[in-house]
Amino acid sequence: MRGFIITGTSSGIGKALCDLLLEDDQNVVLGICRTQSIEHANYEHLHMDLKDISELEDIDFPDWSHAEQISLIHNAGWIGPIQKLGKQEVGAIASSYIINLVAPAVLSNQFIAKYQSSVAQKVILSIGSGASRSPIAGWSTYCSSKSGLDMLSKCIAEENSNFICLSIAPGKVDTPMQNDIRFADESEFPRLKEFQNYYKKGELVGAKEVAEKYKIALSDPAKYLDINRVSEI
Ligand SMILES: NC(=O)c1ccc[n+]([C@@H]2O[C@H](COP(=O)([O-])OP(=O)(O)OC[C@H]3O[C@@H](n4cnc5c(N)ncnc54)[C@H](OP(=O)(O)O)[C@@H]3O)[C@@H](O)[C@H]2O)c1
């Protein structure tokens, strides 16, 4: 069997990937987020707000002692309040970094501790973002937390030769996150019309299409170590 721990399985890319993985009855998924939207014999849900960082420390991941592969997928993400710095509330700034970067670091810490001596192939896949490499006005906490997530992945790889770490950006995907982006205030987000046009012109990719690429990467992860974008898969 193959075991997958996926954050953010209630919508968008995380839900699409979870649905696809569950088509194979050898796959077992533990989903972590605030809302459960998947019911399946091989699916277990952990209701959790990733902002509750102290609770993450108490998570007891499954033993999965007969697994051939065990993967942790950092998918949950928050675009944050789309606002320039100077106007943001301290709590929102903190939440953005906690969801996008601190929670992945804490979960990776727990994951490595739990499965370090497992003979299974061990994989940590971070759902990155092109925004980690391109500054976007109004998205400062998102861009910088996604940059941090990329570097976290690289550091974990340096520390653990027995864990395969991938950080792969999905491109522009038609999910609730993109919907939030289209309803931002243009004075806070100067590129608003450009993002509205991606949607109007049908340039967003479907979540299922993107999830299929991540599924391919997970089937032979060592092959995709140097890949940064789903379009390269
Ligand atoms: N869509 C794009 O164009 C795009 C582009 C680049 C990168 N990405 C990345 O792709 C990943 C998935 O995004 P998506 O577009 O599929 O967005 P989405 O549909 O909005 O899904 C976000 C997921 O994150 C979970 N989440 C958010 N805040 C949480 C919290 N406090 N605690 C627990 N879970 C939380 C949500 O679950 P609950 O609300 O149920 O908790 C949801 O399942 C993100 O990391 C995002 O940064 C997306």
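Here the structure is shown first, and the text comes after it.
So, here is what we can say about the structure in this document. (Residues numbered from 1 in each chain as written. Predicted model: local features only at pLDDT ≥ 70, side-chain atom pairs only at ≥ 80, totals over all residues.)

1. Side note on the overall build of the protein
Then comes step 1: For the protein, the count of helices and strands is 7 helices and 6 strands.
Then comes step 2: Element order for the protein, N to C, with α for helix and β for strand: β-α-β-β-α-β-α-β-α-β-α-α-α.
Then comes step 3: Since a compact globule built from 233 residues should have a radius of gyration of about 17 Å, the 17 Å found for the protein is in line with a globular shape.
Then comes step 4: Along the first, second and third principal axes, the C-alpha set of the protein runs to 55 × 35 × 35 Å.
Then comes step 5: For the protein, with 233 residues in total, the buried portion stands at 41%.
Then comes step 6: The long-range fraction of contacts in the protein, counting pairs at least 24 apart against all pairs at least 6 apart in sequence, stands at 69%. (Helix = DSSP H or I, 4+ residues; strand = E, 2+ residues; numbered from the N terminus. Rg over C-alpha atoms; globule rule 2.2 N^0.38 Å. Buried ≥ 20, exposed ≤ 12 C-beta atoms within 10 Å, placed from the backbone. Contact = placed C-beta atoms within 7 Å.)

2. Side note on the site of the ligand
Then comes step 1: Residues in close proximity to the ligand total 29 residues, the closest being G8, G12, R34, G77 and T175.
Then comes step 2: Elements with a minimum of two residues in the shell around the ligand: helix 1 (12-21) and helix 5 (176-182).
Then comes step 3: Within the shell around the ligand, the residues separate by chemical class into 12 nonpolar, 13 polar and 4 charged. (Near = placed C-beta within 6 Å. Nonpolar A, V, L, I, M, F, W, Y, C, P; charged D, E, K, R; others polar.)

3. Some points on the environment of G86
Then comes step 1: Relative to the elements of secondary structure, G86 occurs in the loop between strand 4 (69-74) and helix 3 (90-115).
Then comes step 2: Residue classification places G86 among the exposed residues on the basis of 6 C-beta atoms within 10 Å.
Then comes step 3: Placed 72 residues apart in sequence, G86 and G14 show a C-alpha to C-alpha distance of 32 Å.

4. Side note on the environment of P176
Then comes step 1: For P176, the position within the fold is in helix 5.
Then comes step 2: The sequence separation of P176 and L218 amounts to 42 residues, and the corresponding C-alpha distance is 24 Å.
Then comes step 3: Beyond its immediate stretch of four places on either side in the chain, P176 contacts S11 and G12.

5. A short note on the nonpolar core
One recurring pattern in soluble globular proteins is that nonpolar side chains are buried together.
Then comes step 1: By size, the foremost hydrophobic cluster in this structure holds 51 residues, and its most contacted members are I13, L17, V29 and L125.
Then comes step 2: What I13 contacts, discounting residues up to four positions off in sequence, is N75, I127, P170, V173, T175, A207, V210 and A211. (Core = buried A, V, L, I, M, F, W, Y, C linked by C-beta atoms within 7 Å.)

6. So, the pairing of strand 4
Put simply, side chains in a regular strand alternate between the two faces of the sheet.
Then comes step 1: A large share of strand 4 lies buried, amounting to 6 of its 6 residues.
Then comes step 2: Alternating residues of strand 4 divide into Q69, S71 and I73 and I70, L72 and H74, and every residue in both groups is buried.
Then comes step 3: Where strand 1 (residues 2-7) and strand 4 come together, 5 bridges link them in parallel fashion. Across the sheet, G3 pairs through a bridge with I70, a residue of strand 4.
Then comes step 4: In terms of strand pairing, strand 4 meets strand 5 (residues 121-127) through 6 bridges, oriented parallel. Among the inter-strand pairings, S71 is bridged to a residue of strand 5, identified as V123.
Then comes step 5: In this fold, strand 4 hands off to helix 3, which returns the chain to strand 5; that crossover is right-handed. (Pairing = 2+ DSSP bridges. Right-handed = clockwise from strand over helix to strand, strands pointing away.)

7. Points about helix 1
Then comes step 1: Counting buried positions along helix 1 gives 8 out of 10 residues, so the element sits mostly inside the fold.
Then comes step 2: Those residues of helix 1 lying buried are G12, I13, G14, K15, A16, L17, C18 and L21.
Then comes step 3: Structurally, helix 1 contributes buried residues whose contacts are with strand 1, strand 2 (27-33), strand 5, helix 5 and helix 7 (207-219).

8. Observations concerning unusual backbone geometry
Then comes step 1: For W64, which is not glycine, the phi dihedral falls at a positive 40°.
Then comes step 2: Examined against the element boundaries, W64 turns out to sit in the loop between helix 2 (53-56) and strand 4.
Then comes step 3: What makes W64 buried here is the crowd of 20 C-beta atoms within 10 Å.

None of the figures reported here should be taken as evidence of function without further support.
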